[in-house]
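# Secondary and tertiary structure notes
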Amino acid sequence: MRALMRLSPKANDMELVNTEEPKILKSTDVKVKVVYAGVCGGTDIKLKKVDVGGQFDKLKPPVILGHEASGYAVEVGTDVKKTKIGDRVVYETTVEPCGSCRYCHSGDWNMCSHRKGLGSSTNGSFADFVVVPERNIRVIPSELSLKTAVLSEPMACAYHIVSERGCIKAGENVVIIGPGIIGLCCALVALFSGANVVVIGTEKSRETRLKIAKKFGCHVLVNDGHNLKERVQEIFDGEFADLAIDAVGSQNSFNSGLSLVRKMGRVVITGVPSLDTELYTIDMSYIYRNQICITSGRSSTPSSWTGSLKVLQKYHNQLEELVSHVYSPEKWKEAFEATEKKQAIKAVIDFEK
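Figured I'd write up the structure that's included with this text. (Residues numbered from 1 in each chain as written. Predicted model: local features only at pLDDT ≥ 70, side-chain atom pairs only at ≥ 80, totals over all residues. Heavy atoms only, no water.)

## A word on the sheet that holds strand β16 (residues 293–296)
The strand order β13-β12-β11-β14-β15-β16 describes an open sheet built from six strands, whose pairing is parallel. Each edge of the sheet is formed by a strand with only one pairing partner; in this case those strands are β13 (219–222) and β16. In this sheet, neighbouring strand axes are inclined to one another by 20 degrees on average, regardless of whether the strands run parallel or antiparallel. Bridge count between strand β11 (residues 173–177) and strand β14 (residues 241–246): four bridges; the pairing is parallel. Opposite Ile177, over in β14, you have Asp246 as the bridge partner. Taken strand by strand, helix α7 (residues 228–235) contacts β11, β12 (196–201) and β13, and its axis lies near 170 degrees from that of β13. Contacts from helix α8 (residues 251–260) reach β11, β12, β14, β15 (261–269) and β16, with the element oriented near 150 degrees to β15. (Pairing = 2+ DSSP bridges. Helix = DSSP H or I, 4+ residues; strand = E, 2+ residues; numbered from the N terminus. Axes fitted to C-alpha atoms, helices over the stretch in contact; angles between N-to-C directions. Contact = heavy atoms within 4.5 Å.)

Here's what the structure looks like:
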């Protein structure tokens, strides 16, 4: 089978190779024929570019990358109970939580220090086939196409960010800085929760990503450096936001989020800082005086996958254009380049090509 594999600890040592199909080794495993696999701008790009070690010690080459995917079950183990051959599926990315730490006990698999994740510690989804435990499998609703369902993983991350970390409530005012794929997914989760949503982007995103956010039902603003606070207040009837989502991961975007929330508001950092990001400068006095709660949100939990599929089901007719670029496996370098240069909202590799 075809597989996009990180071959060694050396940065950028990645190729499309021919390798053996994975086999079901455990009675509770499910083998999936991958149809669409999404390129993650936060993780996949970095796992291609970095040397193994340090904060990237969970990358275990040789390993097949990729953790966002949709497909259908083609083989099941003898003890698989619910998944049937032919089911259209997506799957959670933590395939081996330790099961005994406080985070596993609370369902926060993404915080387990010993967890193994698809596409880093174990073989992932940039391949014709992948094997995952049945507990990770989610059968997708009939309304969703496989192309739309590939967004399940970023939407699960967004659900974790907005609902589980941001503690969104119906009727609240939310600003989202950065209309990338995570920012747009966060916008949909906030709308799903009954919030009033403003998405803020740059002039470059006005006719692409911000236009999509407006179609979703969000207010949109271009951050041109002028009167941003006043324009947000105008939309929110004189109020600031209850919740700000920094979906960029920079000093400027964090400062924007901090300036746009009310006293006792919340800021969730979710944009992945670039590899060369310096330490943030934070005005602790301002945070103290205004009792602002600052937290972060990364990855996903089993409960956020449940929420993700509900959001995707509700907005399925509006989601197709988020998958903006589709490539064959042989064109994987173009898919990564389009993602890294932000030319694509979501680039996917079609393993039926």
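## With respect to the nonpolar core
Counting residues in hydrophobic clusters, the biggest one holds 50 residues, and the most contacted among them are Ile176, Val197, Ile245 and Leu322. Top contributing element to this core by residue count: helix α5 (residues 181–192), with nine residues. The contacts of Val197, once residues within four sequence positions are left out, are Val174, Ile176, Ala187, Ala190, Leu191, Cys218 and His219. (Core = buried A, V, L, I, M, F, W, Y, C linked by side-chain atoms within 4.5 Å. Buried < 20%, exposed > 50% of the residue type's maximum accessible area, 1.4 Å probe, protein only.)

## Remarks on helix α6 (residues 209–216)
All of the buried residues in α6 are Arg209, Leu210, Ile212, Ala213 and Phe216. All buried residues of α6 fall inside an arc of 155 degrees around its axis, so they share one side. Exposed side of α6, more than 90 degrees from the buried face: Lys214 and Lys215 are the residues found there. In this fold, the buried residues of α6 make contact with α5, β12 and β13. Two residues or fewer past α6, Gly217 is found with a positive phi of approximately 115 degrees. (Arc of directions from axis to C-beta.)

## What about the packing of aromatic side chains?
Aromatic ring pairs are reported here in terms of the distance separating the ring centres and the angle at which the planes meet. Under the criterion given, the structure shown has two aromatic pairs. Taken together, a centroid distance of 6.0 Å and an interplanar angle of 55 degrees make the contact between Phe126 and Phe336 tilted. Within this pair, whereas Phe126 is found in the loop between β8 (116–117) and β9 (129–133), its partner Phe336 is found in helix α11 (residues 332–340), the two being separated by 210 residues in sequence. Like Phe126, the residue Phe336 is buried in the burial classification. Ring geometry for Trp332 and Phe336: centres 5.4 Å apart, planes at 90 degrees, overall edge-to-face. Residue Trp332 and its partner Phe336 are located together in helix α11, separated by four residues, close to a single helical turn. Note on accessibility: Trp332 and Phe336 belong to one class, buried. One aromatic cluster is present, formed by Phe126, Trp332 and Phe336 through successive ring pairs. Positioned above the aromatic ring of Phe129 is the side chain of Lys31, whose terminal nitrogen or guanidinium carbon lies 4.9 Å from the ring centre. (Phe/Tyr/Trp six-rings, centres within 6.5 Å; stacked < 30°, edge-to-face > 60°. Lys NZ or Arg CZ within 6 Å of the ring centre and 35° of its normal.)

## So, the pattern of salt bridges
In total, this model carries 16 salt bridges according to the counting rule given. Here Glu92 and Arg138 are joined by a salt bridge, their closest N and O atoms 2.9 Å apart. Of this pair, Glu92 sits in the loop between β6 (88–91) and β7 (94–96) while Arg138 sits in strand β10 (residues 137–139), placing them 46 residues apart in sequence. Pair check on accessibility: Glu92 and Arg138 agree, each one buried. Taking the shortest distance from any N to any O, the salt bridge between Glu96 and Lys116 comes out at 3.9 Å. Residue Glu96 is found in strand β7, and its partner Lys116 is found in strand β8; the two are separated by 20 residues along the sequence. Judged by relative accessible area, Lys116 falls into the partly exposed class, the value being 37%. Taken together, the salt bridges that share partners define one network made up of Arg2, Lys33, Asp128 and Glu330. (Salt bridge = Lys/Arg side-chain N within 4 Å of Asp/Glu carboxyl O.)

## A look at the sheet that holds strand β2 (residues 14–18)
Strand order across the open sheet formed by three strands is β2-β1-β4, with antiparallel pairing between neighbours. Both outer strands of the open sheet, β2 and β4 (63–64), are each paired with one neighbouring strand and no more. In the sheet, strand β1 (residues 2–6) pairs with β2 via five bridges, with the strands oriented antiparallel. Across the sheet, the residue bridging to Arg2 is Asn18, located in β2. Against the sheet, α11 engages β1 and β2, with an angle of about 145 degrees to β2.

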